Amino acid sequence: MPFAHETADVADSAVIGEGTKIWHYAQVRENARLGENCIVGRGAYVGTGVEMGDNCKVQNYALVYEPAKLANGVFIGPAVVLTNDHFPRAINADGSLKSAHDWEPVGVTIGEGASIGASATCVAPVTIGRWALVGSGAVVVKDVPDFALVVGSPARRVGWVGKFGVPLQAGAEGEWICPETGDRYVETDGTLREANA
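Note that the structure is predicted; figures quoted are calculated from it, not measured. The numbering scheme is per chain: residues are counted from 1 as the chain's sequence reads. Where local features are concerned, this predicted model is filtered to residues with pLDDT of at least 70; where side-chain atom pairs are given and counted, the filter is 80 or more; whole-chain, interface and lining totals use all residues. Based on all heavy atoms of the structure, the side-chain values leave hydrogens and waters out of the count.

Chemist: Go over the side chain of T20 with me, naming the residues and quoting the values.
Modeler: Note on conventions: DSSP H or I runs of at least 4 residues are helices, E runs of at least 2 residues are strands, and numbering of each starts at the N terminus. With respect to the element layout, T20 can be found in the loop between β3 (15-16) and β4 (21-22). Each residue's exposure class comes from its accessible area (1.4 Å probe, protein chains only) as a fraction of the maximum for that residue type: buried when under 20%, exposed when over 50%, partly exposed otherwise. Given a relative accessible area of 0%, T20 falls into the buried group. For this analysis, a polar contact is any N or O atom pair within 3.5 Å, provided that within protein one partner can donate a hydrogen and the other can accept it, and provided that sequence-adjacent residues contribute only side-chain to side-chain pairs. There is a polar contact of 3.3 Å between the side chain of T20 and the backbone nitrogen of N37. Beyond its immediate sequence surroundings of up to four residues, T20 is in contact with P2, F3, L34, G35, E36, N37 and C38. Should any heavy atoms of two residues lie within 4.5 Å, those residues are counted as being in contact.

Chemist: If you had to explain the pairing of strand β26 (residues 191-194) to someone new, which residues and values would you point to?
Modeler: Every second residue of β26 is oriented toward a common face, the buried set being L192 and E194 and the non-buried set T191 and R193. Two strands make a pair as long as DSSP finds a minimum of two bridges between them. Pairing analysis gives four bridges linking strand β25 (residues 184-188) to β26, with the strands arranged antiparallel. The partner of E187 across the bridge, within β26, is L192. The loop that links β25 with its antiparallel partner β26 comprises two residues; one of these, D189, has a positive phi angle of about 50 degrees.

Chemist: Let's hear about the sheet that holds strand β18 (residues 126-128): which residues, and what values?
Modeler: Whether parallel or antiparallel, the strands of a sheet pair through hydrogen bonds between backbone atoms. Ordered by their spatial adjacency, six strands build an open sheet running β3-β6-β9-β12-β15-β18, and the pairing between neighbours is parallel. Two strands lie at the open edges of the sheet, namely β3 and β18, each paired on one side alone. For strand β15 (residues 108-110) and β18, the ladder comprises three bridges, and the chain directions are parallel. Residue pairing in the sheet places T109 in a bridge with T127 of β18.

Chemist: Account for the packing of aromatic side chains, naming residues and giving values.
Modeler: Pairs were defined over the aromatic rings of Phe, Tyr and Trp, the Trp ring being its six-membered one, requiring ring centres within 6.5 Å. Orientation was assigned from the angle between planes: stacked under 30 degrees, edge-to-face over 60, tilted for the rest. In the structure shown here, the tally under the stated rule is three aromatic pairs. A ring pair is formed by F3 and W23, whose centres lie 5.1 Å apart and whose planes are at 55 degrees; its orientation type is tilted. With a gap of 20 residues between them, F3 in strand β1 (residues 3-4) and W23 in the loop between β4 and β5 (27-28) connect regions that are remote in the sequence. On the basis of relative accessible area, W23 is assigned to the partly exposed category, the value being 30%.

Chemist: Got a sec to walk through the pattern of salt bridges? Specific residues and values, please.
Modeler: Salt bridges are defined by distance alone: a side-chain nitrogen of Lys or Arg within 4 Å of a carboxyl oxygen of Asp or Glu. Counted by the stated rule, this structure contains six salt bridges. Salt-bridge contacts for E194 lead to R130; the nearest nitrogen and oxygen are separated by 4.0 Å. Note that E194 is positioned in strand β26 and R130 in the loop between β18 and β19 (133-134), a separation of 64 residues in sequence. Take R130: its relative accessible area is 30%, and that puts it in the partly exposed class.

Chemist: Outline the pairing of strand β21 (residues 148-151), listing residues and values.
Modeler: Two faces make up the sheet, and in a regular strand the side chains alternate between them. Note that β19 and β21 share two bridges and pair parallel. Within the sheet, the bridge partner assigned to L133 lies in β21 and is L149. Direction of pairing for β21 relative to strand β22 (residues 156-160): antiparallel, over a ladder of four bridges. Each residue of the ladder has a partner; that of V150, found in β22, is R157. The antiparallel pairing of β21 with β22 creates a hairpin that spans four residues between the two strands, and G152 there sits at a positive phi of about 95 degrees.

Chemist: Account for the sheet that holds strand β23 (residues 169-170), naming residues and giving values.
Modeler: In space, the four strands of this open sheet follow the order β23-β24-β25-β26, with antiparallel pairing throughout. On the outer flanks of this sheet lie β23 and β26, each paired with one strand and no other.

Chemist: Please give an account of unusual backbone geometry that cites residues and values.
Modeler: Cis rather than trans, the peptide bond between A124 and P125 has omega equal to 0 degrees. Of note, P125 is situated in the loop between β17 (121-122) and β18. The omega torsion across S153 and P154 is 0 degrees, close enough to zero to call that bond cis. Positionally, P154 belongs in the loop between β21 and β22. The backbone of Y25 shows a phi angle near 60 degrees, a positive value even though the residue is not glycine. Here Y25 is to be found in the loop between β4 and β5. Residue classification places Y25 among the exposed residues on the basis of a relative accessible area of 52%. The phi torsion at N31 lies on the positive side, around 60 degrees, for a residue other than glycine. Considering the arrangement of structural elements, one finds N31 in the loop between β5 and β6 (33-34).

Written out as structure tokens, the structure is:
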């Protein structure tokens with residue numbers, strides 16, 4: 001059965017998968033869909049209609065604004081922000097308070113197994129590729145390729161990571177090797193793929 005701490009605020013229309021745990025003071029909004037065996041940490045926010053695959057972790061005080069889409073096995077570190085507005089304003093040009101009808105939300109899409117480090121910000125709309133790693137404190141303003149390691153503000157690629165999550169080491173020309181597992185990857189034209197894929 002899914003579990004929600006008594007202090008959590010989970011909308012009745014949210015769909016929560018088997019084995020998912022929602023901890024202290026977290027909020028899961030209307031029509032959000034969380035897969036199986038996910039963890040939503042203390043004080044985290046999951047917006048209206050957000051889609052989250054199985055085995056995801058959203059750590060303490062992370063803000064996952066709609067319409068974010070997280071594939072299976074995504075890690076969202078503490079205090080991460082996934083934004084949803086190109087040009088945020090509290091008011092319209094005439095001074096009236098903006099409402100939900102005055103703007104169109106845009107989302108962050110995160111591929112399978114990717115990790116977003118603590119306090120990073122992903123400025124929508126961006127796509128984070130499969131198994132990519134966004135370093136702590138990074139500000140992502142453009143798409144991140146599969147297996148890329150990005151850091152800084154704005155975030156830039158500084159290396160590659162494998163499925164194990166550690167930086168890959170250069171091998172023969174165009175080849176990268178995981179120092180932990182020995183798995184091999186091939187780089188072609190700024191993209192990386194598994195050698196046997």
